[in-house]
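# Notes for the structure review
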Amino acid sequence: MSDMITADLVDLDLSADTKEAAARALAERMVAQGRVTDLEGFLADVAAREAQMPTGLDGGIGIPHCRSEHVTEPTLAFGRSADGIDFGAADGPADLIFLIAAPAGADDAHLTILSSLARQLMNAEFTTALRSVGDATAAAALIRGERPTGPEGAPEGASEGASEGASAGAGDSVAVSAAASAEAATAGTDGADGTDGAEEPGEHGKSGEPGRPFRIVAVTSCPTGIAHTYMAAESLENAGRESGVEVVVETQGSAGFTRLDPAVIEAADGVIFAHDVPVRDKDRFAGKPTVDTGVKAAINRPGELIDEVRGKAARGEVTAAGSNGSAGADGTTPVERGGGSGEGYGTKLRVWLMSGVSYMVPFVAAGGLLIALGFAIGGYEISEAPSVMDHFVWSQADSWAALLYQIGGVAFAFLVPVLAGYIAYGMADRPGLVPGFVGGSIALTINAGFLGGLAAGLISGAVVMAIQRVRIPAALRGIMPVVVIPLISAAIVGFLMFVVIGKPIASAQTAMTDWLSDLSGANAVLLGALLGLMMCFDLGGPVNKVAYAFATAGIAVSDPSDSAMKIMATVMAAGMVPPLAMALATTVRGKLFNAAERENGKAAWVLGASFITEGAIPFAAADPLRVIPSSMVGGAVTGALSMAFGATLRAPHGGIFVVPLIGNPLLYLVAVAAGVCVTTALVIVLKGLRRPTPGAVVPGSGGADPSASTPGAKQPVAAA
């Protein structure tokens, strides 16, 4: 790790008061060392990762991290904050902040070392030494796993022996922890026959063998696969040792993963899945007591998860036989269990639908922009051009326009099948794909459109889930996922779509299209305001995506109606408002924003102009009660005006770059400008009325408990 962190990448007096400012301060050190080429681009990648899941951990640790094309080599920067910085951990601010930067194509060796550091953060001696180390050189050496060689390296107030113990405990563990999972797997294999590994007399495995510890296999994974994945593994292993349970973990991280030995899985008494991305090859663990949760649960409460899986084993609760691993220990599917326990079917339905929409959006973007380019080159009449298979002239612009338009049209034709297929995938995992795609294609065939795709996806998922609950002979389990489930589910979904519900849905789709075509006057303006509110409600989240999917579904036909094109124009106009308004606000009243927000404001100009609503997320995350309502008001104004002006758009994306394709372009820009001005004015007024920035420490105010911010007061929860 010697080339990954140096003293120049350490700040033991980090003065930032927000996580964004902390990331910027540490990232600037990386830029100064030539490790990061584009500060703003890198910080945008860090913010995007942070938006997926907070990176704060119990015990006063913050680990912002990302993979980015702006990183030249794997790099680690460390900062220590006296007052603490909120990274979203349940127990309060973090005083130890590690910014981990990995290149988009980082090699496995470096990622393994970064992962080893993540494991070390569960080591109390390591974090205690970092809290008391006196200079940047010694801190960098400690993180690299080197023993301090002089008095400067010794933690203040620690004896020589204590210093060496802490450093060795931290450093040596960093050096060897990359092999921890392999060692654990070997131990699990050695004890598979029940003769080794006895830790607690009287403990019994599932076979009732005396002197045999309870055995658990676990899988951990997170979206980036660098930090949380390995910290969860270390936390589970530590908790297992404390409770006399044998835990072997498969870390499915960025450095790839090594599958657990089938003998280890076979000998296990229970399974823990701690993941925020799908578990790969999940069917290997079928037929055992299973706990399925998020990765942070394994970091913060590993003992509870171990107790839970032991309780399920005692009660005989196992994964449904013949489910191929798609059903959980209680017979539910991964997305049925998605999110926290106790969530209702309304939440699950939203997750299922967003699964389909998220996979559909890339087809919308690619197909829509290709269609927009075709229109820009050849005009709207290019939609009437003959197939380029029959007529294509290399030297004619119209031929190239027709080619782009027809490629985009093919991409658009996948919208409904992809929507249906991945709704079913969200419900039933991979077995749901075949009936979902079949049902979505039938929806297109019978002109059931977007509504038909939604219905086909939900029906497909439900059918597969029902089939998975049927107990089947062991001899048939091997052909279930490749023959039986696709055959039966596709036949059932096809029958339902063609014969039973297809016609009513097609009639409903036609009725909705006719209703939209007849919208005029006040009704159209109200619809525009509603769509504007939805686009700005969560700035790229589920509500925003629902409005966008509704608009793109209307124009995803060969001859979209005038009303459908008005809706598309309205949605894009409203989606441009929040980032443009934040950019304008930081320009005209910069003193109301901190330095990080002013920098984000510069990028927001380009993001807003490109119809990337997510450009406003950093502002909303820092001040949601002022930014989001202001954005919604501005979005509603823009949506209503766009409808009132009769602006139309046939391209589903592009922002200001497709203005030449917009009907009534000048009035369209007026509508966007009006919403931007309204949002900007509201944000400036609301921020101007607020008290001093939250989190600012006023000397002598007594607002914080001194003991609460003492650096040495916290310990990682897994080591407690």
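Remember, it's a predicted structure, so these values are computed and weren't measured experimentally. (Residues numbered from 1 in each chain as written. Predicted model: local features only at pLDDT ≥ 70, side-chain atom pairs only at ≥ 80, totals over all residues. Heavy atoms only, no water.)

## Some thoughts on the overall build of the protein chain
Cut-off, in case you're wondering: Numbered from the N terminus, helices here are DSSP runs of H or I no shorter than four residues, and strands are runs of E no shorter than two. Throughout this description, buried means an accessible area under 20% of the type-specific maximum (1.4 Å probe, protein chains only), exposed means over 50%, and partly exposed covers the range between. Contacts between residues were defined by any pair of non-hydrogen atoms, one from each residue, lying within 4.5 Å. In short, Shrake-Rupley with a 1.4 Å probe defines the accessible areas, and a residue's cover is counted only from the protein chains shown.
Along the protein chain, the regular secondary structure elements total 25 helices and 10 strands. In the protein chain, which comprises 720 residues, the share counted as buried stands at 52%. In the protein chain, once contacts between residues fewer than 6 apart in sequence are set aside, the share between residues at least 24 apart is 72%. Counting only carbon and sulfur atoms, one obtains 61% of the accessible surface of the protein chain, whose full area is about 29400 Å².

## Considerations on helix α15 (residues 433–445)
Put simply, the rule reads: Given the number of residues in a helix, its expected span is that number minus one, multiplied by 1.5 Å.
Its 13 residues give α15 an end-to-end C-alpha distance of 18 Å, which sits within 8% of 18 Å, the value for a rise of 1.5 Å per residue. In this fold, the buried residues of α15 make contact with α14 (415–428), α16 (449–468) and α17 (480–500). Just beyond α15, the residue with positive phi is Asn-447, at close to 60°.

## A closer look at a nonpolar patch on the surface
For the record, the criterion: Residues enter patches when they are more than 30% accessible in relative terms and free of salt bridges; like-charged ones are connected within 9 Å and nonpolar ones (Val, Leu, Ile, Met, Phe, Trp, Tyr) within 5 Å. What counts as a salt bridge is simple: a side-chain nitrogen of Lys or Arg found within 4 Å of a carboxyl oxygen of Asp or Glu.
A cluster of nonpolar side chains, Val-633, Leu-682, Val-685, Leu-686 and Leu-689, forms an exposed patch at the surface whose accessible area comes to about 410 Å². At four residues, helix α25 (residues 665–689) tops the list of elements feeding residues into the nonpolar patch. Topologically, Leu-689 is positioned in helix α25.

## Thoughts on the environment of Pro-74
Within the secondary structure, Pro-74 sits in the loop between β4 (65–68) and β5 (75–85). When its relative accessible area of 8% is taken as the criterion, Pro-74 is described as buried. The spatial distance from the C-alpha of Pro-74 to the C-alpha of Ala-104 is 9.7 Å, given a sequence separation of 30 residues.

## What about the side chain of Thr-613?
Relative to the helices and strands, Thr-613 is located in the loop between α22 (595–609) and α23 (617–622). With a relative accessible area of 3%, Thr-613 lands in the buried category. Once you skip the residues sitting within four places of it in the chain, Thr-613 turns out to touch Met-535, Leu-539, Gly-540, Asn-544, Gly-575, Pro-578 and Pro-579.

## Things to note about the pairing of strand β9 (residues 270–275)
The condition is simple: Two strands pair if DSSP finds at least two bridges between them.
Most of β9 is tucked away: six of the six residues are buried. Alternating positions in β9 separate into two faces, Gly-270, Ile-272 and Ala-274 on one and Val-271, Phe-273 and His-275 on the other, with burial throughout. Where strand β7 (residues 215–221) meets β9, six bridges bridge the pair, whose relative direction is parallel. Pairing of Thr-220 across the sheet is with Ala-274, part of β9. Bridge analysis of β9 against strand β10 (residues 290–293) gives four bridges, and the strand direction is parallel. The partner of Val-271 across the bridge, within β10, is Thr-290.

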